[in-house]
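# Per-entry structural report
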Amino acid sequence: MASNKKLLVLPGDGIGPEVMREVFRVVDWMDKRRAVTFDVSEDLVGGCAIDAHGIPVTDETVGQAMESDAVLLGAVGGPKWDNLDFSIKPERGLLRLRKDMELFANLRPAMVFDALAEASTLKTDLVAGLNIMIVRELTGGVYFGEPRGIEELPDGTRRGVNTQVYTTPEIIRVAKVAFELARKRDNRLCSVEKANVMESGVLWREEVTKLHGEEYSDVELSHMYADNCAMQLVRAPKQFDVIVTDNLFGDMLSDAAAMLTGSLGMLPSASLGDVDATGRRKALYEPVHGSAPDIASQDMANPLAMILSFSMCLRYSFDMGEEADLIETAVEKVLAGGLRTADIMQPGKAKVSTTVMGDALVRELDKLAA
Ligand code: IPM
Ligand code: MG
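Residues numbered from 1 in each chain as written. Chains lettered and ligands numbered in written order. Predicted model: local features only at pLDDT ≥ 70, side-chain atom pairs only at ≥ 80, totals over all residues. Heavy atoms only, no water.

## A few points about helix 8 (residues 226–235)
Listing the buried residues of helix 8 in full gives A226, C229, Q232 and L233. Down the axis of helix 8, the smallest arc covering the buried residues is 110°, so these residues share one side. Structurally, helix 8 contributes buried residues whose contacts are with strand 5 (131–137), strand 8 (188–193), strand 9 (220–225), strand 10 (242–245) and helix 9 (247–260). (Buried < 20%, exposed > 50% of the residue type's maximum accessible area, 1.4 Å probe, protein only. Helix = DSSP H or I, 4+ residues; strand = E, 2+ residues; numbered from the N terminus. Arc of directions from axis to C-beta. Contact = heavy atoms within 4.5 Å.)

## Let's talk about the packing of helix 1 (residues 16–34) against helix 11 (residues 321–336)
Where helix 1 contacts helix 11, the two axes come as close as 13 Å, and the packing angle between them is 125°. If you check the angle between helix 1 and helix 11, you find them oblique. Handedness of the helix 1/helix 11 crossing: right-handed. On helix 11, the residues that touch V26, W29, M30 and R34 of helix 1 are E322, E323, L326 and I327. Looking at the contact of helix 1 with helix 11, its residues break down into five nonpolar, no polar and three charged. (Axes fitted to C-alpha atoms, helices over the stretch in contact; angles between N-to-C directions. Parallel < 35°, antiparallel > 145°, perpendicular 65-115°, else oblique. Left-handed = near helix turned anticlockwise from the far one by under 90°. Nonpolar A, V, L, I, M, F, W, Y, C, P; charged D, E, K, R; others polar.)

## Overview of the site of ligand 1
Looking at ligand 1, the residues that line it are E91, R98, R108, R136, Y143 and D251. The side chain of R98 places a nitrogen or oxygen atom 2.7 Å from an oxygen atom of ligand 1. In this structure, an oxygen atom belonging to ligand 1 sits 2.8 Å away from a side-chain N or O atom of R136. Protein contacts shield 74% of the accessible area of ligand 1, which totals 320 Å² for the unbound molecule. One can see that ligand 1 is located within the second largest pocket. Per-class residue counts for the shell around ligand 1 are one nonpolar, no polar and five charged. Looking at the shell around ligand 1, you find at least three residues from each of domain 1 (1–110 + 264–370) and domain 2 (131–260). (Near = heavy atom within 4 Å. Polar contact = N/O pair within 3.5 Å; in protein donor to acceptor, adjacent residues only side chain to side chain. Areas by Shrake-Rupley, 256 points an atom, 1.4 Å probe, with all protein chains shown as cover. 1 Å grid on protein atoms, 1.4 Å probe; cavity = no way out; pocket = protein on both sides within 12 Å on 5 of 7 lines; lining within 4 Å. Sits in = over half its atoms within 2 Å of the grid points. Domains from an automatic or database assignment.)

## Description of the layout of surface pockets
Of the volumes computed, that of the largest pocket is approximately 590 Å³. Along its surface, the largest pocket is lined by 23 residues, and L107, M133, L181, R315 and Y316 are the ones closest to its centre. Elements supplying a minimum of two residues to the lining of the largest pocket: strand 4 (105–111), strand 5, helix 6 (168–184), strand 11 (268–275) and helix 10 (304–317). Its residues assigned to classes, the lining of the largest pocket shows 13 nonpolar, one polar and nine charged. Counting residues domain by domain, the lining of the largest pocket receives three or more from each of domain 1 (1–110 + 264–370) and domain 2 (131–260). For the second largest pocket, the calculated volume is near 480 Å³. Together, 25 residues line the second largest pocket, and V76, E91, L94, R98 and D251 are the ones closest to its centre. The set of elements that each furnish at least two residues to the lining of the second largest pocket consists of strand 3 (70–75), helix 4 (90–100), helix 9 and strand 12 (281–287). With five residues, helix 4 is the largest single contributor of residues to the lining of the second largest pocket. The class makeup of the residues in the lining of the second largest pocket is ten nonpolar, six polar and nine charged. Here the lining of the second largest pocket gathers at least three residues from each of two domains, domain 1 (1–110 + 264–370) and domain 2 (131–260). (Points joined across faces, edges and corners; volume = space filled by probe spheres on them.)

## Description of the packing of aromatic side chains
Scanning the entire structure with this criterion turns up four aromatic pairs. With a centroid separation of 5.7 Å and an interplanar angle of 65°, the aromatic rings of F38 and F310 are classed as edge-to-face. Of the two residues, F38 sits in the loop between helix 1 and strand 2 (39–42) while F310 sits in helix 10, which places them 272 residues apart along the sequence. Across the pair, F310 and F38 agree in class, each one buried. Geometrically, the ring pair formed by F179 and Y216 is stacked, given 4.6 Å between the ring centres and 5° between the ring planes. Of this pair, F179 sits in helix 6 while Y216 sits in the loop between helix 7 (199–215) and strand 9, and the two are 37 residues apart along the sequence. The same class applies to F179 and to Y216, which are both buried. Each member of the aromatic cluster is reached from another via a ring pair, and the members are F38, F310 and F318. If you follow K99 out to its NZ or CZ, it ends over the ring of F144, 4.6 Å from the centre. Taking NZ or CZ as reference, R136 lies 5.2 Å from the ring centre of Y143, over its face. (Phe/Tyr/Trp six-rings, centres within 6.5 Å; stacked < 30°, edge-to-face > 60°. Lys NZ or Arg CZ within 6 Å of the ring centre and 35° of its normal.)

Here you go:
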């Protein structure tokens, strides 16, 4: 039977390929146990693409990504490629995919698994049960704004420029995604900017407020300056349900939120585009963590963020909520059973490798499906 689930897998660099290997096992499991077949192809992005083609992502790969129902990405970058020209660094591959696929809404959940509440650097009662969703604008703002560059000045010094810029449609489309998500959760949205110092922040606040009045007045909306939000995230994180913010603030706040959970190695993300005429929505799923070159190829990395990214893919791209729940429950069970990769290791628990964590997860899936 032909599959309509076209999945492009881009393992990337560093620990990317080894955490992706564990996802392949879950994909196989779905195939065998749930009779769900994915049409999987694999390609290069990041440093490995630079080694093979001289650029961090080829036009062909971008083309394939556009035609896929979903893209799964591991991680990009590493010291080997650090000194390359900015325009061909591994990260540019990822940024180009986000931009060309118009993945403007980046969903970064920060949730604390019960078994890991004590792994947080914050007091357990502050984070136990935490479940927040950061919606980060991903294709605009200072990441892509023009003018940008480094220029020589007549006096021999230099000037570096980036531009923070947002338009009404860019703000509205990401805010809509956030309002819709809030409705499915605790119905609260906090919009974050720096309207006290930036015009783009003033516009952001005005547009979100207007949209709220017109279409989402049932959702409880609040506004917060980004610096205060950073503080509130470590002071009383459970006050938040959904946060919507721009590209740069979202980059920083989502790292802070991730650490509340005890490990960056646990957190997935989804990057979504608009729904097109055929009802399909371009999407890319990747863990929040990076390529961690220091532990690459040592079978040490935590594969759970990558596996949870696949679960988000099932939920948001393939409408397979039941299977996504199954994977999330399996993750909880494995953690409750005391297995830990090095990044989430706690006293009295069993330290295991990437592969052993994957074995345990597949075993839990078997049990849950039995
Ligand atoms: C992220 C990363 C990227 C970003 C880098 C790798 C370009 O930090 O996804 O949060 O800054 O967006
Ligand atoms: Mg980041």
